[in-house]
Structures are given as C-alpha cells and as structure tokens.
Amino acid sequence: MKALTRLLCLALVLLAVAITFPAGPRAFTWNQEELTPEEIYARFGDEDDEIPLRDALRQLLYLVNEARDDYNLEPLEWDHIASYAAEEQAREMADCGYLSHLNLDGEKPNLRYNRHGGTHQVTENLSYWESDIRLYLTSQVVEDIHRRWMESPSHCRNILTPTHTGAGMAIVIVWDGDRTVLTAAQEFVDAYGEFDRLPERADSDDDLYLSGDFSDRHTSLAYITIGSEDFPERQRPEDLNANLNGYSLPEPFVAILPIDDRHTRRVKGLPTVYLLTDEPSRNRFKGRFSLKDVFYGLEQASRADRFTPGLYYFMVWADREGEPPFLVSTQVVRVED
C-alpha cells in the first residue's frame, strides 16, 4: 500500500512574498517518491516516538537559533503574543484544510497579531502537510519542518533576518479517521521598543495617539509611513488554495516626521507631513493626529490624495548606525469614514 502525502509552504518577506512547493504527488520529499506507511514511520517516527507539543515547539525554536548562530546572528526569544497569532492561523488552516497568509476573514498576519495585542513588526512562515495515514508529532517531523523551511530561499531568509528579535511558533496536527493534516506557523517579531496600541477601529476625524519608546540608545525613530487597502473580504478555503500568491504590506502614500524636522528633513520618494514631537535624548516620539489631519497636510503639499474608508497601516521605521531604516512596528486600523 502506498501512502500519498502532500506538503505546501508559504513564506512572507517584507513587500516581496515568495511561495515554494514541489510539483506532483509525494511523501514528505521534494521529488515524486511515494512511501509505504512502514517507510513513512521509519523515517518520521510513529506513536512510540510522539513528543509533547511544548517539546516540539522548544525544539523548533532551538533549530531556528542554531541556524542563526551559524551566521553569527542573535538568538530569538520566545514571544507569547506572536505564538497566539501563530496558533490561531495554524489551527484554522488545519481545521479547514487550506494554506494561506490570509485567514477566512481575509485578514493578514499583521492584523491578526495586532488583534492579540502585538504592536511590533511581524512576518510569517507557514507549512501544510496532508496524508492519508495517521501521522504523529515527533522530533523527526519537527526536524523535517525546519529542514524544508531552510531549503526554501524565502523561508530561510525569514529565519535568518538579522533584525528579528523574537518568534512565536505553532504546530497543529489533526487526524479525522481518514487523513492527517499537520500545519506549522512561525511569526517572527522585530521588537525594539514599546509602542502604544492604536484602536482597532476609528473614524477619519478621530484622534489617534501614536507614540513609543525605543529600548536602547542605538535605536531611534527614522520616520512613520501610512499605507491603506480595501477592507478584507470573507474567503473560502478552496479559493485560498487555488491562489497561493502570498501578499505584501500596502505601499505607503505618506511619511510622517516630527514638527522640529520641518525645515531640515524629508523622506525621499514620499510626500512628508510633520505631525510628531520627539525627545531625542530618550529616543521617544509621540503624536496625536487624525487621518483628516494627514490628508489636509497632503492637500497643503499640493497632493491630490483623498481619504477613502479601508484598512490603514501605520508603520514605524527605526534608525541604527550603519544600517538602513528598518520596520519595527506595524499597526492596522479599520477606518470607516
């Protein structure tokens, strides 16, 4: 008896998403090899090799940090908020049989992470296994999940991104008597300070309080950008599986800087408005403004942009000496009018 298993993977990288998965039927391999249940259990373990979920997640984090150490990168700390977001996505994918960075409500990772209380920048790796025999959570399976991510350039790039500071991870395995679905998710976090939580919903004239403290003296505010996109639409699992094309953050349409920078600094390539105050000695910034203020500033700068309802992404970029600006916080607000 042959046992067919398929594996799919998705990886998110900032503003450029790549998807990699092998073609054709296969059993845990990149080629079209088919394995018997006995061969699968010999390679990936059986019920006697099953390990607790907490040990599997600890092993997966260890493998990530071992890979980062090979490139002289700092190890990642476990992030509980990111792990809640990872568990949510992995569980829904396993229960509903789909693979996507979107969930069934059409929400992307940043929005899901924000909903759990996260205010930093997050990026995501996903994996999906499906088999017509019962599979077990074993050390061998965890090693194979990690190996396949490392063999995929987009997944590997996420694991080895130098700016990551933490990660939350999830593995979900579901056996319904006829098939096994095993999903895995990694949410990588770039945490360089504490940022006030924006509301999930707002009107265009509501005051938004956006402020933060950077955690070390080597990191400071570069600028804030805002991008927008349409409200998400409800998704069907079959449509998500038919369109494995990833996603990206929306392109910014404006940059925001402190008021004191009005005559000294602009953000190249973007119209810039000055709505923040900062305290450089403490690496702190703060602002109180509405989207109507932003669009009024654009109008004063002779920009034709007009407000439309949708999801607005507030993105905080940081400066560190010798490095280009990098994203440390993305918060998504649903703005109705």
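Residues numbered from 1 in each chain as written. Predicted model: local features only at pLDDT ≥ 70, side-chain atom pairs only at ≥ 80, totals over all residues. Heavy atoms only, no water.

Caption draft 1: Spatial organisation of the environment of H155. Assignment of secondary structure puts H155 in helix α6 (residues 153-159). By relative accessible area, which is 0% here, H155 ends up buried. In this structure the C-alpha to C-alpha distance between H155 and N125, which are 30 residues apart in sequence, comes to 6.2 Å. (Helix = DSSP H or I, 4+ residues; strand = E, 2+ residues; numbered from the N terminus. Buried < 20%, exposed > 50% of the residue type's maximum accessible area, 1.4 Å probe, protein only.)

Caption draft 2: A look at the sheet that holds strand β7 (residues 193-195). Strand order in this open sheet of nine strands is β7-β9-β13-β12-β11-β10-β14-β15-β8, and the pairing throughout is mixed. Two strands close off the open sheet at either side, each with one partner strand: β7 and β8 (201-202). The pairing of strand β12 (residues 272-279) with strand β13 (residues 284-289) spans four bridges and is antiparallel. If you follow T277 over to β13, its bridge partner there is K286. Strands in contact with helix α8 (residues 291-300) are β10 (219-229), β11 (252-258), β12, β13, β14 (310-320) and β15 (323-335); relative to β11, the strand with the most contacts, it is inclined by about 95 degrees. (Pairing = 2+ DSSP bridges. Contact = heavy atoms within 4.5 Å. Axes fitted to C-alpha atoms, helices over the stretch in contact; angles between N-to-C directions.)

Caption draft 3: Quick look at the pairing of strand β4 (residues 121-131). Taken across its eleven residues, β4 has eleven buried, putting it largely inside the fold. By the alternation rule, side chains of β4 split into Q121, T123, N125, S127, W129 and S131 and V122, E124, L126, Y128 and E130, which are all buried. Pairing between β4 and strand β6 (residues 180-190): eleven bridges, direction antiparallel. Bridging across to β6, S131 finds its partner in T180.

Caption draft 4: Focus on helix α5 (residues 139-151). Relative to the 18 Å expected for 13 residues at 1.5 Å per residue, α5 spans 18 Å between its end C-alpha atoms, a close match to the ideal helical length. Turning to α5, its buried residues number three or more, namely V141, V142, D144, I145, H146, R148 and W149. (Expected span 1.5 Å × (residues − 1).)

Caption draft 5: Spotlight on the side chain of R284. As for its placement among the helices and strands, R284 is situated in strand β13. Within the local environment of R284, its side chain forms a polar contact with the side chain of D213, the two groups lying 2.5 Å apart. (Polar contact = N/O pair within 3.5 Å; in protein donor to acceptor, adjacent residues only side chain to side chain.)

Caption draft 6: Examining the pattern of salt bridges more closely. In the structure shown here, the tally under the stated rule is 18 salt bridges. Salt-bridge contacts for R115 lead to E107; the nearest nitrogen and oxygen are separated by 2.5 Å. Residue D213 pairs with R284 through a salt bridge whose shortest N-O separation is 2.5 Å. Note that D213 is positioned in strand β9 (residues 208-214) and R284 in strand β13, a separation of 71 residues in sequence. Assessed through its relative accessible area of 30%, D213 is described here as partly exposed. (Salt bridge = Lys/Arg side-chain N within 4 Å of Asp/Glu carboxyl O.)

Caption draft 7: How the structure looks around the nonpolar core. Counting 30 residues, the largest nonpolar core has V142, I145, M169 and I171 as the members making the most contacts within it. By residue number, the principal contributor to this core is helix α2 (residues 53-70), which donates seven residues. Contact partners of I145, with chain neighbours within four places excluded, come to W129, I171, L182 and A184. By size, the runner-up hydrophobic cluster in this structure holds 29 residues, among which are L221, I256, F289 and V333. (Core = buried A, V, L, I, M, F, W, Y, C linked by side-chain atoms within 4.5 Å.)

Caption draft 8: Region of interest: the environment of H146. Within the secondary structure, H146 sits in helix α5. The spacing of H146 and C156 is ten residues in sequence and 9.3 Å in space, taken between C-alpha atoms.

Caption draft 9: Representation of unusual backbone geometry. Of note, N72 is a non-glycine position whose phi angle comes to about 55 degrees, a positive value. You can see N72 is positioned in the loop between α2 and β3 (77-78).

Caption draft 10: Summary view of the packing of aromatic side chains. Inspection of every chain in the model, using the stated rule, returns eleven aromatic pairs. Judged by centre distance (5.8 Å) and plane angle (80 degrees), the rings of F195 and F214 are edge-to-face. Of this pair, F195 sits in strand β7 while F214 sits in strand β9, placing them 19 residues apart in sequence. Among the residues examined, F195 registers a relative accessible area of 7% and is labelled buried. The buried category is assigned to F214, whose relative accessible area is 6%. Three or more aromatic residues link up through ring pairs in this structure, and these residues are F253, F295, F307 and Y312. The aromatic ring of F231 is capped on one face by R334, whose charged end is 4.0 Å from the ring centroid. (Phe/Tyr/Trp six-rings, centres within 6.5 Å; stacked < 30°, edge-to-face > 60°. Lys NZ or Arg CZ within 6 Å of the ring centre and 35° of its normal.)

Caption draft 11: Structural context of the pairing of β6. For β6, the buried fraction is high: eleven of the eleven residues fall into the buried class. Side chains T180, L182, A184, Q186, F188 and D190 of β6 all project onto a buried face; the interleaved residues V181, T183, A185, E187 and V189 project onto the opposite face, where all are buried too. When strand β5 (residues 166-175) meets β6, the two strands line up antiparallel, connected through ten bridges. When the bridges of β6 are listed, M169 appears paired with Q186. The turn linking β5 back onto β6 is made up of four residues, and G177 within it adopts a positive phi angle of 95 degrees.

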